[in-house]
Amino acid sequence: TLSASATVIVNPIPIVTATLVGETICSGTSTNISLTSSVASTQFDWVVTSQVGVSGATNGSGNAIVQVLTATGITNGFVIYSITPTANSCIGSAITVQINVAPKPVTSFVADTTYCNGETTSITLSSTIPGTTFTWNVASSNVNTTTVLPGSGNSISQALNLINNSNVGSVTYTVLPFANNCYGDPVSIAIEVNPIPNVSLAIEDTDICSGEMVHID
């Protein structure tokens, strides 16, 4: 009678766990999806199954999905990754992870850039992203800072008063747009403030006879 024994190794099926820093990111920033499994030496592969209103998502492998995604429209786009774990030749079930991508607002403005002393700025701010809000900081030279101030809103209306009316002044507004929990790039608006000339009269003689020449310098 013959007898034999055999050892059979049963490997566990890996299960992938995805940990996200955030399900919604701003356009131009990176995903941060960490991939883990209870089975040692698990390999993770992912494919992009859907990419709508977004560019930058690609297939890949590794322990983390770190990709810069850019929104291509004025509304949120999204990417769906399908992630499959493999360990010891055993393939686990795939999971899906969706990342939403919010577009960054871009500031547009309509403004005169040259004013006379005592005039008021007329700057209108807008963006293609609905609901965008604007804040601004200000830097100035030879302009009274009691009326030229940081602020917020859709327009900048501030009095421009020179400190020294003999010299040109300047104001630079740095505008920062915000929408969908995303800040856009700052935009600078440079303003020039020109002094108003004073007229001085020098009259040689205030009493003249009819027909005589008057001299005013």
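Please read all numbers here as calculations on a predicted model, not as lab measurements.

It is worth spelling out the sheet that holds strand β15 (residues 123-127) at this point. In space, the three strands of this open sheet follow the order β13-β15-β18, with antiparallel pairing throughout. Only two strands of the sheet have a single neighbouring strand rather than two, namely β13 (107-111) and β18 (155-156).

At Asn180, a position not held by glycine, the phi torsion is positive, near 55°. Positioned with a positive phi, Asn181 is a non-glycine residue whose angle comes to about 65°. Positionally, Asn181 belongs in the loop between β19 (169-179) and β20 (182-183).

Consecutive side chains along a regular strand alternate between the two faces of the sheet. Where strand β2 (residues 24-26) meets strand β12 (residues 95-102), three bridges bridge the pair, whose relative direction is parallel. Bridge assignment links Ile25 to a residue of β12, and that residue is Val101. With seven bridges connecting them, strand β10 (residues 77-87) and β12 associate as antiparallel partners. Opposite Phe78, over in β12, you have Asn100 as the bridge partner.

Throughout the structure, instances matching the rule amount to one disulfide. The disulfide partner of Cys26 is Cys182, and the gap between their sulfur atoms is 2.1 Å. Measuring the twist about the S-S bond at about -100°, one finds the Cys26-Cys182 disulfide to be left-handed. Here Cys182 lies in strand β20 and Cys26 lies in strand β2, a separation of 156 residues in the sequence. The exposure class assigned to Cys182 is buried, which follows from its relative accessible area of 1%.

This part takes up the sheet that holds strand β9 (residues 68-71). Strand order in this open sheet of three strands is β3-β9-β6, and the pairing throughout is antiparallel. What marks the edges here is a single partner per strand, and that holds for β3 (29-30) and β6 (54-55). One ladder, built from two bridges, connects β6 with β9; its direction is antiparallel. Note that in β9 the partner of Val54 across the bridge is Ala71.

Our next topic: the nonpolar core. Counting residues in each nonpolar core, the largest one holds 17 residues, and the members touching the most others are Ile33, Leu35, Ile65, Leu69, Tyr81, Ile83 and Ile99. Of all the elements in the fold, those that place two or more residues in this core are β4 (33-36), β5 (43-52), β9, β10 and β12. For Ile99, the residues in contact, after removing those within four places along its chain, are Leu20, Gly22, Glu23, Ile25, Thr31, Ile33, Leu69, Gly77, Phe78, Val79 and Tyr81.

Rules used in this analysis
- Residues numbered from 1 in each chain as written.
- Predicted model: local features only at pLDDT ≥ 70, side-chain atom pairs only at ≥ 80, totals over all residues.
- Heavy atoms only, no water.
- Pairing = 2+ DSSP bridges.
- Helix = DSSP H or I, 4+ residues; strand = E, 2+ residues; numbered from the N terminus.
- Disulfide = S-S within 2.5 Å.
- Buried < 20%, exposed > 50% of the residue type's maximum accessible area, 1.4 Å probe, protein only.
- Core = buried A, V, L, I, M, F, W, Y, C linked by side-chain atoms within 4.5 Å.
- Contact = heavy atoms within 4.5 Å.

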